[in-house]
Amino acid sequence: MKSTGFWLLLALTVFSAFLLVAACGDDDDDDNDTSDDDTADDDVADDDAADDDAADDDAADDDSGDDDDDDNDVVELFSEDFESYTAGDPLGTPWVVTLTGESYSTIFEAVDTSYGNCLENVGSILAGESAKAVLGYTGAADDLAVTFDYWVDTDAYGRFWLSNDGGTTVGAGVATIPGGALYANTAGGFGQACGSVISEEWNTISILVNYAAGTYDVEINGNIECEDVDAGLGADVTYNAIVLDDSILVSEGGYYYFDNILGKTQ
């Protein structure tokens, strides 16, 4: 008969072997243990081609960061709602304002109180005189979407345009004439008819720039009015300033207002 010590030793040996197998994990094709040793991804760590964890390890951009070849991130380039100013103040830094003759530019809030502050530009009707406000920004070699709210007096002229040299050369942009007719800028100036705004009411205008083509679309109050307008500067133009002004021609001036200006890549 075996001694008690023998049976105790045998039991300890079997128990130790069990622990050894448990500690080493699973080494078969089915993943049914804590560590992953197969080709299917069914554990906490990601070891396959599909993106099913917090980190992005595939070619598709489906997380918060952009790590693929397609640039589908939106970058805000500038934004201005004039709420940081006090009504009656002149427009200040980072804007650069140039006033000639009897023209002036100031922060205003009485056009429509629901809008809060806005910018009031008043251009002199005398030849060579205008109000001009320029906002420079860091340009992006990309498609752009520029949106702003615009209110213009029935008998006034007003313009909003983009520049690639800080505010001298006119690129994509729009201008209105008395009555509200709107014209888009081309190589020959603001000559392409492009719908109209409602005078003495707030309108929302968007300028949508195609960087590679050097063209742009114009949207007024949600409706595309002009498509593929040639700004006359060629393809791959990087804009770096917006300009709010009126014409310096005789009799072209008057009261016009801007608010909620936003520029971003698209």
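Participant: Any chance you could explain the state of the cysteines here in plain terms?
Facilitator: Throughout this description, disulfide means a covalent bond between two cysteine sulfur atoms. Evaluation of the coordinates by the stated rule reveals one disulfide. Shown here is the disulfide that connects C194 with C226, its sulfur atoms set 2.2 Å apart. Linking C194 in strand β10 (residues 189–196) with C226 in strand β13 (residues 223–230), this pair joins segments that are 32 residues apart in sequence.

Participant: Looking at this model, I keep getting lost on the pairing of strand β12 (residues 215–220). Mind explaining?
Facilitator: On a regular strand, one side chain projects to one face of the sheet and the next to the other, so that they alternate. Most of β12 is tucked away: five of the six residues are buried. Taken together, strand β11 (residues 203–210) and the strand that follows it, β12, pair antiparallel across an intervening segment of four residues, in which G214 is found at a positive phi of about 75°. With five bridges joining them, β12 and β13 adopt antiparallel strand pairing. When the sheet's bridge partners are listed, T215 is paired in β13 with D230. Connecting β12 to the antiparallel partner β13 that follows it, the hairpin turn spans two residues, and N221 within it adopts a positive phi of roughly 50°.

Participant: Looking at this model, I keep getting lost on the confidence of the model for the protein chain. Mind explaining?
Facilitator: As a general rule, the predicted coordinates of low-pLDDT regions are not to be interpreted in detail. Model confidence for the protein chain is summarised by a mean pLDDT of 82, while 71% of its residues fall at 70 or above. Predicted confidence for residues 6–28 stays below pLDDT 50, and this span has seven contacts to residues more than four positions away or in other chains. Predicted confidence for residues 58–68 stays below pLDDT 50, and this span has 18 contacts to residues more than four positions away or in other chains.

Participant: Any chance you could explain the sheet that holds strand β7 (residues 158–163) here in plain terms?
Facilitator: Backbone hydrogen bonds hold the strands of a sheet together, and the pairing may be parallel or antiparallel. Read from one edge to the other, the open sheet built from seven strands follows the order β2-β5-β14-β7-β8-β9-β10, with strand pairing classed as antiparallel. Of all strands in the sheet, those with a lone pairing partner are β2 (95–99) and β10, marking the two edges. Neighbour-to-neighbour, the strand axes of this sheet turn through a mean angle of 20°, independent of strand direction. Where β2 and strand β5 (residues 131–136) come together, five bridges link them in antiparallel fashion. Of the residues in β5, the one forming a bridge with V97 is A133.

Participant: What is the right way to read unusual backbone geometry from this model?
Facilitator: Where the residue is not glycine, phi is negative for most of them; where a peptide bond is considered, it is trans in most cases. The omega angle of the peptide bond from T93 to P94 is 10°, so this bond is cis rather than trans. Within the fold, P94 resides in the loop between β1 (76–80) and β2. With a phi angle near 50°, N221 is a residue other than glycine that sits in the positive phi range. Along the chain, the position of N221 falls in the loop between β12 and β13. The exposure class of N221 is partly exposed, given its relative accessible area of 39%. Positive phi outside glycine occurs at D228, with the angle close to 55°.

Participant: For this particular structure, what's the right way to read the side chain of E120?
Facilitator: Inspection of the secondary structure assignment puts E120 in strand β4 (residues 118–123). No salt bridge is formed by the buried E120. Its closest oppositely charged neighbour is R159, at 18 Å. Of the polar contacts made by the side chain of E120, one reaches the side chain of Y257; its length is 2.8 Å.

Participant: It is not clear to me how the packing of aromatic side chains should be interpreted in this structure. Could you clarify?
Facilitator: The geometry of an aromatic ring pair is captured by the separation of the ring centres together with the interplanar angle, meaning the angle of the planes. If you walk through the whole model with that rule in mind, you get 10 aromatic pairs. Between F148 and F258, the aromatic rings sit 6.0 Å apart at their centres with planes inclined by 50°, giving tilted as the arrangement. Of the two residues, F148 sits in strand β6 (residues 144–152) while F258 sits in strand β15 (residues 254–265), which places them 110 residues apart along the sequence. Given the relative accessible area of 1%, F148 is considered buried. Its relative accessible area of 0% is what places F258 among the buried residues. With centroids separated by 5.3 Å and ring planes inclined at 45°, the aromatic side chains of Y150 and F258 adopt a geometry described as tilted. Highlighted residues: Y150 in strand β6 and F258 in strand β15, separated in sequence by 108 residues. Classification of Y150 as buried rests on a relative accessible area of 2%. Grouped by ring-pair contacts, the aromatic residues F148, Y150, F160, Y256 and F258 constitute a single cluster.

Participant: Can you walk me through the environment of F160 in this structure?
Facilitator: Summarising the element assignment, F160 is placed in strand β7. On the accessibility criterion, F160 (1% relative accessible area) is buried. Here F160 is in contact with V146, F148, G173, V174, I207, I242, V243, L244, F258 and I261, once residues within four sequence places are set aside.

Calculation notes
Residues numbered from 1 in each chain as written. Predicted model: local features only at pLDDT ≥ 70, side-chain atom pairs only at ≥ 80, totals over all residues. Heavy atoms only, no water. Disulfide = S-S within 2.5 Å. Helix = DSSP H or I, 4+ residues; strand = E, 2+ residues; numbered from the N terminus. Buried < 20%, exposed > 50% of the residue type's maximum accessible area, 1.4 Å probe, protein only. Pairing = 2+ DSSP bridges. pLDDT = per-residue confidence, 0-100. Contact = heavy atoms within 4.5 Å. Axes fitted to C-alpha atoms, helices over the stretch in contact; angles between N-to-C directions. Lys, Arg positive; Asp, Glu negative; His and termini not counted. Salt bridge = Lys/Arg side-chain N within 4 Å of Asp/Glu carboxyl O. Polar contact = N/O pair within 3.5 Å; in protein donor to acceptor, adjacent residues only side chain to side chain. Phe/Tyr/Trp six-rings, centres within 6.5 Å; stacked < 30°, edge-to-face > 60°.

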